[in-house]
Amino acid sequence: MATVEVMKGLGPDVRTIKLNGHVGFDSLPDQLVNKHVAQGFSFNIMCIGETGLGKSTLIETLFNQRFEFTPSSHEVPQVKLKPHTYDLKEGSVKLKLTIIETSGFGDQVNKEDSSKPIIDYINQQFENFLQEELKIKRSLHTYHDTRVHVCLYFIAPTGHSLKSIDMVTMKKLDSRVNIIPVIAKSDTITKPELQRFKTRIQNEIANNDIHIYQFPTDDETVSEQNSIMKNLVPFAVVGSSDEITYPWGAVLVDSEAHCDFVRLREAMLRVNMDDLRERTHAMHYEHYRRQRLAEMGFSDEDKLSLQEMYEKRRETHQAELQRKEEEMRQMFVVRVKEKEQELKKAEGDLQTKFEAVKKQHADEKRKLEEKRQGLDEEIAEFQRRKTAADNRNNLASGTSFTLSKSKKK
Ligand code: GDP
């Protein structure tokens with residue numbers, strides 16, 4: 001028989017039952033572990049930093065593995081993201097590891113655009129996951145999750161301060177991905193210099209309100225380790241498995257006394273890999289998902305079923321369509337009226353022109369008529385004068401003839 005207790009604060013229906021014997025669901029954690037181990041994990045690391053800072057070398061050193069990355073040149077026209085996926089196995093645990101290289105970062109004249117391809121890439125992986133979630137037949141268990149779980153941000157070992165491109169890029173990315181900043185090639189500056197550089201970077205990150213990844217300290221199994229890690233950020237790393245000799249001594253990558261490489265490996269892969277994956281899902285992806293669903297018209301406030309939501313969206317869409325149709329009709333009427341007026345004006349102009357030409361023509365005709373009349377009168381006058389002259393001539397010749405005849409007699 002089980003004893004029954006009502007737990008306060010959990011609502012009237014929640015009861016705690018003390019079990020009298022072993023039931024067996026305490027093996028749930030083992031079941032979960034076995035399931036996940038069988039499925040394998042995916043872990044995706046993005047490396048951002050200028051070409052030649054040792055990104056590829058560090059990744060190879062981290063995983064103790066040659067990955068055959070293609071060296072990139074400083075002349076690429078824009079930042080390019082190149083993901084490489086590898087299937088790794090350690091013990092019985094399978095890991096699908098994706099390394100995303102960002103070639104050409106910081107090499108362009110216009111450095112403003114450097115972060116855009118990176119943001120687009122991160123968003124695209126969120127979008128792919130969202131589309132899979134929204135499918136009617138979704139298969140999230142077998143889905144290859146390509147969301148970026150961590151971004152290793154490589155800072156050049158200048159010893160001065162963060163470059164503006166670093167601050168701008170980190171700020172733009174901090175709500176989308178877990179950022180872990182590292183000081184690249186830290187063997188090229190001396191220890192005191194390095195410490196000063198670290199402090200300055202920590203201050204700049206805090207002053208510019210850049211939210212880098214916070215190692216969780218609420219879980220007591222990792223809180224002590226993570227508190228130490230927290231103080232080491234940005235990790236000063238050296239990416240080479242060989243011992244390097246400098247005027248100030250030899251540097252061993254695996255020696256903690258010389259660099260934070262081992263701590264970084266521990267922090268990222270051994271202690272917090274699951275937290276990085278979890279935060280990516282619960283914070284960064286959630287943020288993206290919420291925005292996208294709001295864009296698609298979904299909202300929690302409406303409390304509507306999917307069908308009602310669809311109907312509502314359809315109605316809004318129809319109303320919008322009708323409004324646009326009416327707007328276009330009105331526009332058409334206005335345009336027709338305008339055209340009509342234009343045509344009327346053109347007709348009026350033409351009529352006025354026609355009247356003017358007609359009048360001009362009539363005037364000319366009248367003038368010609370008057371001229372013709374004048375000429376007719378002149379001809380008549382001429383004829384009249386000619387006849388009179390002829391008559392006069394005839395009369396004169398008749399008189400002389402009679403005269404000569406009478407003389408002969
Ligand atoms: P990436 O372009 O950022 O991937 O840089 P690479 O990993 O190709 O490294 C560029 C050059 O820097 C290579 O010649 C490496 O051997 C060298 N390098 C890489 N890591 C380190 C380091 O931690 N310290 C020093 N001194 N040289 C390094």
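The structure presented is a predicted model; accordingly, all values stated were derived computationally and were not measured.

1. Some words on the packing of helix α3 (residues 115-134) against helix α4 (residues 164-173)
Close contact between α3 and α4 brings their axes to 10 Å; oriented N to C, the two are set at 20°. Considering their axes alone, α3 and α4 lie roughly parallel with respect to each other. Every pair of crossing elements has a handedness; the one defined by α3 and α4 is right-handed. Counting all contacts with α3, which are made through Ser115, Ile118, Ile119 and Ile122, the residues of α4 involved are Thr169, Lys172 and Leu173. Split by residue class, the contact of α3 with α4 holds four nonpolar, two polar and one charged.

2. Some words on the site of the ligand
For the ligand, the set of nearby residues contains 14 residues, the closest of which are Gly52, Ser56, Thr57, Asp187 and Gly239. A distance of 3.2 Å separates an oxygen atom of the ligand from a polar atom in the backbone of Leu53. The separation between an oxygen atom of the ligand and a polar side-chain atom of Lys185 is 3.1 Å. A per-element tally of the shell around the ligand places helix α2 (residues 55-63) first, with three residues. Of the residues belonging to the shell around the ligand, the class tally is three nonpolar, seven polar and four charged.

3. Remarks on the packing of aromatic side chains
Considering all chains together, one arrives at nine aromatic pairs under this definition. Residues Phe126 and Tyr288 carry aromatic rings whose centres are separated by 5.4 Å and whose planes lie at 35° to one another, so their mutual orientation is tilted. Here Phe126 is found in helix α3, whereas its partner Tyr288 is found in helix α8 (residues 273-295), with 162 residues between them in sequence. Judged by relative accessible area, Phe126 falls into the buried class, the value being 1%. With a relative accessible area of 11%, Tyr288 lands in the buried category. With 5.1 Å between their ring centres and 80° between their planes, Tyr213 and Phe215 make a pair best called edge-to-face. Phe215 shares its class with Tyr213; the two are buried. A cation sits over an aromatic face here: Arg147 above Phe129, 3.6 Å from the ring centre.

4. Here we look at the environment of Glu50
Relative to the assigned elements, Glu50 resides in the loop between β3 (41-48) and α2. A sequence separation of 106 residues divides Glu50 from Ala156, and the C-alpha atoms of the two residues are 7.8 Å apart. For Glu50, the side chain forms a polar contact with the side chain of Lys163, separated by 2.8 Å.

5. A word on the nonpolar core
Across soluble globular proteins, nonpolar side chains show a tendency to be buried alongside one another. Membership of the largest hydrophobic core comes to 76 residues, with the highest contact counts inside it found for Phe43, Ile45, Ile59, Leu152, Phe235 and Met268. Once you skip the residues sitting within four places of it in the chain, Ile45 turns out to touch Ile59, Phe63, Leu97, Thr98, Ile99, Ile100, Val150, Leu152 and Met268.

6. Quick look at a nonpolar patch on the surface
Taken together, Ile17, Leu19, Val23 and Phe25 make up a surface patch of nonpolar side chains, about 430 Å² in accessible area. Along the chain, Val23 falls in the loop between β2 (15-18) and α1 (28-39). Take Val23: its relative accessible area is 58%, and that puts it in the exposed class.

7. Remarks on the pattern of salt bridges
The tally for this structure, following the rule as stated, stands at 27 salt bridges. One salt bridge in this structure joins Lys116 and Asp120, with 2.8 Å as the shortest N-O distance. Here the residue Lys116 and the residue Asp120 both occupy positions in helix α3, the gap between them amounting to four residues, near one helical turn. The salt bridge involving Glu326 is made with Arg329; its shortest N-O contact spans 3.3 Å. Note that Glu326 and Arg329 are positioned in helix α9 (residues 306-408) at a spacing of three residues, about one turn of the helix. Take Glu326: its relative accessible area is 36%, and that puts it in the partly exposed class. The class of Arg329 is partly exposed, set by a relative accessible area of 48%. One network of salt bridges, in which partners are shared, links Glu320, Arg323, Lys324 and Glu327.

8. As for the confidence of the model for the protein chain
Across the protein chain, pLDDT averages 85, with 86% of residues at or above 70. Within the model, the stretch residues 1-8 combines pLDDT values under 50 with 17 contacts to residues more than four positions away or in other chains. In the predicted structure, residues 243-250 sits below a pLDDT of 50 and forms 16 contacts with residues beyond four places in sequence or in another chain.

Cut-off values and rules
- Residues numbered from 1 in each chain as written.
- Predicted model: local features only at pLDDT ≥ 70, side-chain atom pairs only at ≥ 80, totals over all residues.
- Heavy atoms only, no water.
- Axes fitted to C-alpha atoms, helices over the stretch in contact; angles between N-to-C directions.
- Helix = DSSP H or I, 4+ residues; strand = E, 2+ residues; numbered from the N terminus.
- Parallel < 35°, antiparallel > 145°, perpendicular 65-115°, else oblique.
- Left-handed = near helix turned anticlockwise from the far one by under 90°.
- Contact = heavy atoms within 4.5 Å.
- Nonpolar A, V, L, I, M, F, W, Y, C, P; charged D, E, K, R; others polar.
- Near = heavy atom within 4 Å.
- Polar contact = N/O pair within 3.5 Å; in protein donor to acceptor, adjacent residues only side chain to side chain.
- Phe/Tyr/Trp six-rings, centres within 6.5 Å; stacked < 30°, edge-to-face > 60°.
- Buried < 20%, exposed > 50% of the residue type's maximum accessible area, 1.4 Å probe, protein only.
- Lys NZ or Arg CZ within 6 Å of the ring centre and 35° of its normal.
- Core = buried A, V, L, I, M, F, W, Y, C linked by side-chain atoms within 4.5 Å.
- Patch = residues over 30% accessible without salt bridge, like charges linked within 9 Å, V, L, I, M, F, W, Y side chains within 5 Å.
- Areas by Shrake-Rupley, 256 points an atom, 1.4 Å probe, with all protein chains shown as cover.
- Salt bridge = Lys/Arg side-chain N within 4 Å of Asp/Glu carboxyl O.
- pLDDT = per-residue confidence, 0-100.

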